[in-house]
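Chains, contacts and geometry: an overview
Each chain, letter by letter, is given below.
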Amino acid sequence: MHAHYVCPPELYLCPPLGFQGLLTSLVCCDCFCPRRSLCHRPARDHFAWTLRGLGACLLSLHRCTDMSLVAVPYYQRRHKHFDQSYRNIHTRYLLDEYAAKRRASTQASSGSASVRHSSRAASGLAVGGTVCRLCAKRVGAALEEEEEQERKRRYQSVVASYGEAKRERFLRELAQLEEDVQLVRSHAQDQLDKHAVQHMVADKLAWERYSFKEERMSRAPEILVRLRSHTVWEKMSVKLCFTVQGFPTPVVQWYKDGSLICQAAEPGKYRIESKYGVHTLEINRANFDDTATYSAVATNGHGQVSTNAAVVVRRFRGDNELFRSVGLPIGLPLPSVIPYMHFDIQFLEKFGVTFRREGETVTLKCTLLVTPDLKRVQPRAEWYHDGVLVKESKWTEMFFGEGQASLSFSHLNKDDEGLYTLRILSRGGVSEHSAFLFVRDADPLVTGAPGAPMDLKCHDANRDYIIVTWKPPNTTTESAVIGYFIDRCEVGTNNWVQCNDAPVKICQYPATGLLEGRSYTFRVRAVNNAGVSRPSRVSEAVAALDPGDLKRLQAGHLEGDKDIVIHQDEQEGEVQIPGPPTNVHASEISRTYVVLSWDPPAPRGKEPLMYFIEKSIVGSGTWQRVNAQTAVRSPRYAVFDLAEGKPYAFRVLSANKHGISDPSEITPPIQVQDTVVKPSAPGRVLASRNTKTSVVVQWDPPKHEEEDLLGYYVDCCVAGTNVWEPCNHKPISYNRFVVHGLTTGEQYVFRVKAVNPVGMSENSQESDIIKVQAALTVPSHPYGITLLNCDGHSMTLGWKVPKYSGGSAILGYYVDKREAQHKNWHEVNSSPFKERVLTVDGLTEGSSYEFRIAASNMAGIGQPSDPSELFKCEAWTMAEPGPAYDLTFCEVRNTSLVMLWKAPMYSGSSPVSGYFVDYREEDSGEWITINEAPTANRYLKVCDLHQGRTYVFRVRAVNASGVGKPSDTSQPVLLEARPGTKEVSAGVDEEGNIYLSFDCPEMTDASHFAWCKSYEDIADDGKFRVETVGDHSKLYFQNPGKEDAGTYSVSVSDTDGVSSSFVLDAEELERLMALSNEIKNPTVPLKSELAYEIFDKGQVRFWLQAEPLSAGASYRFIINDREVSDGEKYRIKCDRSTGLIEMVMDRFTIENEGTYTVQINDGKAKNQSSLVLIGDAFKAILDEAEFQRKEFLRKQGPHFAEYLRWDVTAECDVRLVCKVANTKKETVFKWLKDDVLYETEKMPDLEKGICELLIPKLSKKDCGEYKATLKDDRGHDVSVLEIAGQVYDDMILAISRVCGASASPLKILCTPEGIRLQCFLKYFTEEMKVNWYHKDAKIASSEHMRTGGSEQMAWLQICEPTEKDKGKYTFEIFDGKDKHQRSLDLSGQDRGKFMGGLPDVVTIMEGKTLNLTCTVSGNPDPEVVWLKNDKDIEISEHFSVKVEQARYVSMTIKGVTSEDSGKYSISVKNKYGGEKIDVTVSVYKYGEKIPDAVLPQQAKPKLLPASASAPAK
């Protein structure tokens, strides 16, 4: 059996064409037949015909299945490089393999051919003449094939009929199921309606029994039965109903996803009814689009309530519905399936609005409570970004399990900004949470550069180009973008190439220069005047392939698992030169390029096709080829380099290897231009309140609708600053945006600009100024309902204010009651009750009641509280007091808080005398009493608590009978200071009023400041005044006194516990009162008191400086109680802008002794300053003034600008220096010593103004009085300096400082007497303070150790040194301040020495070998040198020297001759010195008389100095 492609019967496919007959013909053409020329076509034609038939078969199959053979382009599934070989290689391989199998099966069956085959063959011969045996077999096989096909058709018919019957049976069962479900739902709905009507009638009868007047019945709507969510199948009807009551009768409106439902818009779709307070909405034949949240809003003159429910419409999927595409083997994912289980989802922790920067990481996470918690079955979690399902990628990672769902970003880009929604789906419905993620620009690479572009996408990918689009960045704070650079990178490399040389101005670019079959990624950078931005996020990889190639592919399925792919080119006829392209047109026109598109020629031939594009300026008559160097393979091409303002015509030619076609039809004239322009500015911008940190901004779209509009950017600015900041960093496509991250209480303005690919519009008009506050809503419910007293017929209740007032002041409370076991609630008060303590009368003694309370504000009535516990109505008669109530907390900090409460309404048998306060941690069971003794106050500051822990408190009242019943346990309080907690501050205003101030940016319209003293409300007795402006409040003290000291506190209502206190003690109050007195009785502030200044001419200036004075300020100078005025004697002036007042006296004499005063008046402010100049103070000023006057006269002639002074040069010479001024050529300068002219080699140059006298090598003989004189016809001047006594000693110390700093290290010199330590100096004299130390002990000069020195050296002589003399030696020079030291350590150091071994005379016969050996020592190891007649010995075979272990030294002379006679010397020396020994060697010849023998003596060494160079001069 040979496999055929069988279509599934469910799809009702037309009968398939078999592959076998087509391929059999192809196989048979290769068999031997003597009449082939008569029976068959040529093999090539037959092969082409077979492929065309096979292609037609596949094309028919494609049309029958009505499914695309190529669902997803394969080059976008796997990014690899492709060539054109895939068109025919795989096809030929499959056909060859199939033909081989067919030949083998034919040969195997030839031996067992039946008689029927023979008879049929014989009949064929008889009728048609002579036919070969192979042809007869072919005819028999064809007949057998037809029978097989007939059996197949019958089988398929049976399968199809069975599938149809199964499908009809399933539809009948489904219809029956729908009817049953509808019947059950209708019955349940009827029961609910009946139950609701019964409740309504019972309530109505109850109201009639009370027979209230119409005024008392008026109240806001209240929902008794709420809407319920429904899940239904498609085509079913659903009914939503709820019950509401109120007077007047509320008006009900229905909404679908926030949009009002209008019955007229869709007649028959909705039916809305209202009977006896029961309101219904029926949706007929619900479809999938009816899945939504439906809301009902009931409104009357007293308020508004709403209820909502979800309707989920599901589609039914049959068993035979396909999940797999037919055609090419490209699998499609199964659709998402909602878990069958019903789960209750509760969000415990939710991610909020998040702010991040590009390049950072962030995780959006929600903690969930899933009930039931099953390990194998879980609900499904889906993440959406701006309504688009998020899938995992290299940028995002999702996790769901272990009670949490998270979405993590590894590297944020502005592409990630948007609204993120987490949806948890189960059979019970959809639970979701949304919040916005803001991603602002990263720091630019260049200051002022724009942000990166975003949303980079690739379109229209083909062989020759890929169109890249993106969205522009917001440039609120940067200069405008002038263009963009596009970069490409081939997949598999990291080499980015810039596509365009000049920046493109629109957000779209066709990237050219691509290699066919290669895959690329792209990125974009924005450019402005400051520089280039960071690159955008890299695009998805896309291949440079023509999608049209895939349309020309056809696929088939052979027997087994063999697939076949045929290209339509292989079915083309014998076409060599292709025809011209058709439908040439401009698919896109821009200012810089035109994209041409056309249809390929038909027929096109089998050969690869390419195109050539030609352009012509209209009217020129000439054509220019655009792509002469590059062949275009795709039927699209982007033409650049077109002149602006000139119309062009285009035509296209197709070509293959056989030739070029005729040109196509010429296009109409095309002119490059911007078809898209910048959008117009958006319309009116409206900002409205949302939350404490956000504002809703809405705007009208631009007047001219823009098709290519990318979105909008919103900017904000703090009112009055003109500093604009971006609110969103990615364009939003809708005209309503919630701006988050604003400062509570701050005022803002907003503006909007539209964005399209060309750029941004002008800014819209600014919105009105809006203050960031929460929007008005109804208040939350009160809580903490407490029974405060009961007399058997009435109960006194107390409760706490709602935690949230809804942004408006609470107008009052409504109280409802009901007896135990009763279902109906009855209102206690028909009009709002403003206090939080209410006595409910008319109760039955012994009965139990429960209560609920609702608060109201301008927005309406809020939800009622939870029912209280059952209170039994029986009289209180106990002696102890009742419970305290209304426990509140303020000033919650990290380790402390302040607790407040109110006194019991029932005091017992005696008045309340105090209170005990107990606390415990929230999870602990043991109460701890804070105060050992009862406190009489109704407040207590609790300290020494633990930060971060949660506590609860209670209060017990005490009277003479004992401790009463404890109050209700307070709400848990977390010990943690609020971020940005502010404190009360004290100050004094400009008018001298003392105040306490507090700011609260978190306040709302319903908030108010409550000031207290000792946590009691301040009485309105005129002592205090409160002023509140915006979020700033001040408490003023009217007539402050000592009795006003105490603790002041302030709390702000309708906030999250904002409060603070200030302890105004007596010391602080006294300081504030003193400051207040200064302001109320002002003085002119003085920057400086009255002072004097003496000028160089002997003038005396009296001055003071105040703060800047007004134009009307006046002043007076008073001397000895007598006012003086401006004149020749007293020159007085005032600079009011600086507050400087001064008086100058040209001649200050003995008559001017006395008191000087300046008085200033500036409006109400006054001040004065006095200066007393009497006695010694006056005499000092008078002498100074006279001295300055004489100095002025002296400086009229030649004079000394600086008198004689001295210093020491680097060469230790003393230099006398003075500066002269006001000299001329005739001025004579002289140096004198002891009034005798001091001759110098060179007279000083007076024009330079500096005169110097050098005294080299100072000594006692240089002491004396030195003078410098100046003289000419204008006068003379003298400067004197005496070198003696202390001055001389200071000079020696200064010389010591220079010498000590430049002293050389200590040197060792070996002398016949011993060792000499030397220190070379620039100058040395015995008058310097120098000392020598041995082992830190001062050395006194003695016969063993002598000290001394020369002009340039100081030394220490150690005579006949011993072991005791080893150690550290220090030379010290003292310069009066510092000690300059040079040290040398002689410990363990030794000069080179001989230890013996050498005689003084050696006699030896010629020819013998002489060996001289000795032992040496020294530390460090000495250097050994051998000399002959005071000359170095050259080492050779004749002379050899050996040193072993740095101790044993020997010299060997081999074959001694007479020439070797002489004086030999050996020197042993290191840096500490050494020794030298001389040895006389005498050589005689054999046979000569031996010289007179003289007993050798031990050679005596001679000392050598240390190996130290002499100091440089």
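Below is a summary of the structure that appears in this document. (Residues numbered from 1 in each chain as written. Predicted model: local features only at pLDDT ≥ 70, side-chain atom pairs only at ≥ 80, totals over all residues. Heavy atoms only, no water.)

Bringing the nonpolar core into the picture now. The biggest cluster of nonpolar side chains holds 47 residues, and the ones touching the most others in it are L1216, F1229, W1231 and I1295. With 6 residues, the single largest contributor to this core is helix α12 (residues 1286–1302). Every residue in contact with W1231, bar those within four places of it in the chain, is listed here: L1204, L1216, C1218, V1236, L1237, Y1238, T1240, C1251, E1252, L1253, K1267 and A1268. (Core = buried A, V, L, I, M, F, W, Y, C linked by side-chain atoms within 4.5 Å. Buried < 20%, exposed > 50% of the residue type's maximum accessible area, 1.4 Å probe, protein only. Helix = DSSP H or I, 4+ residues; strand = E, 2+ residues; numbered from the N terminus. Contact = heavy atoms within 4.5 Å.)

Inspection of the secondary structure puts K1364 in the loop between β88 (1353–1359) and β89 (1368–1374). On the accessibility criterion, K1364 (71% relative accessible area) is exposed. When the C-alpha atoms of K1364 and S1387 are compared, they prove to be 9.9 Å apart, with 23 residues separating the residues in sequence. When near neighbours in sequence (up to four residues on either side) are disregarded, K1364 contacts H1334 and K1335.

To continue, consider a nonpolar patch on the surface. A cluster of nonpolar residues, I1435, V1441 and V1443, forms a patch on the protein surface that exposes about 250 Å² of accessible area. Tracing the sequence through the fold places V1441 in strand β96 (residues 1439–1444). (Patch = residues over 30% accessible without salt bridge, like charges linked within 9 Å, V, L, I, M, F, W, Y side chains within 5 Å. Areas by Shrake-Rupley, 256 points an atom, 1.4 Å probe, with all protein chains shown as cover. Salt bridge = Lys/Arg side-chain N within 4 Å of Asp/Glu carboxyl O.)

Judged by how many residues are buried, strand β30 (residues 610–617) sits mostly within the fold: 6 of 8 residues are covered. Relative to strand β33 (residues 647–656), β30 is paired through 8 bridges, and the arrangement is antiparallel. Paired with S616 across the bridge in β33 is A649. Pairing geometry for β30 and strand β31 (residues 624–625), over 2 bridges, is antiparallel. Its bridge partner being in β31, E614 is matched across the sheet by R625. The hairpin formed by β30 and β31 contains 6 residues between the paired strands, and G619 there has a positive phi angle of roughly 95 degrees. (Pairing = 2+ DSSP bridges.)

Note: strands within a sheet are paired through backbone hydrogen bonds, in either parallel or antiparallel orientation. Overall, antiparallel pairing links the 3 strands, which are arranged β19-β20-β23 in an open sheet. Unpaired on one side and paired on the other, β19 (454–459) and β23 (508–511) mark the two borders of the sheet. Averaged over all pairs of adjacent strands, the angle between their axes in this sheet comes to 20 degrees, without regard to strand direction. Where strand β20 (residues 466–471) lies against β23, 4 bridges are found, and the strand directions are antiparallel. Directly across from T469, in β23, lies its bridge partner Q508. (Axes fitted to C-alpha atoms, helices over the stretch in contact; angles between N-to-C directions.)

Here we take up the side chain of N931. On the secondary structure map, N931 appears in the loop between β55 (928–929) and β56 (939–942). In this structure N931 comes out as buried when scored by relative accessible area, which is 11%. A distance of 2.8 Å separates a polar side-chain atom of N931 from the backbone oxygen of Y915. A polar contact of 3.1 Å, which involves the side chain of N931, links it to the backbone nitrogen of V917. Discounting chain neighbours no more than four positions away, the residues touching N931 are Y915, F916 and V917. (Polar contact = N/O pair within 3.5 Å; in protein donor to acceptor, adjacent residues only side chain to side chain.)

This next bit is on the sheet that holds strand β6 (residues 270–275). Pairing is antiparallel in the open sheet, where 4 strands are placed in the order β1-β3-β7-β6. Strands with a single pairing partner mark the edges of an open sheet, and in this sheet they are β1 (219–225) and β6. Adjacent strand axes in the sheet meet at a mean angle of 25 degrees when their direction is disregarded. Inspection of the sheet shows β6 paired to strand β7 (residues 278–283) by 6 bridges, in the antiparallel sense. Its bridge partner lying in β7, Y270 is registered against I283.

To continue, consider the pattern of salt bridges. In the structure shown here, the tally under the stated rule is 58 salt bridges. For the salt bridge of D886 with R836, the shortest nitrogen-to-oxygen distance reads 3.0 Å. On the criterion of sequence distance, the pair formed by D886 in strand β52 (residues 885–890) and R836 in the loop between β47 (826–827) and β48 (837–840) is long-range, its members being 50 residues apart. The buried category is assigned to D886, whose relative accessible area is 12%.

Helix length check: helix α10 (residues 1066–1080), at 15 residues, gives a terminal C-alpha distance of 21 Å against a target of 21 Å (1.5 Å per residue), a fit within 8%. Taken together, the buried positions of α10 are occupied by L1069, L1072 and S1076. The arc that holds every buried residue of α10, seen down its axis, measures 65 degrees, which confines them to one face. In this structure, α10 carries E1067, E1070 and E1078 as exposed residues pointing more than 90 degrees from its buried face. Of the surrounding elements, those touching the buried residues of α10 are β60 (985–988), β61 (994–999) and β67 (1059–1064). (Expected span 1.5 Å × (residues − 1). Arc of directions from axis to C-beta.)

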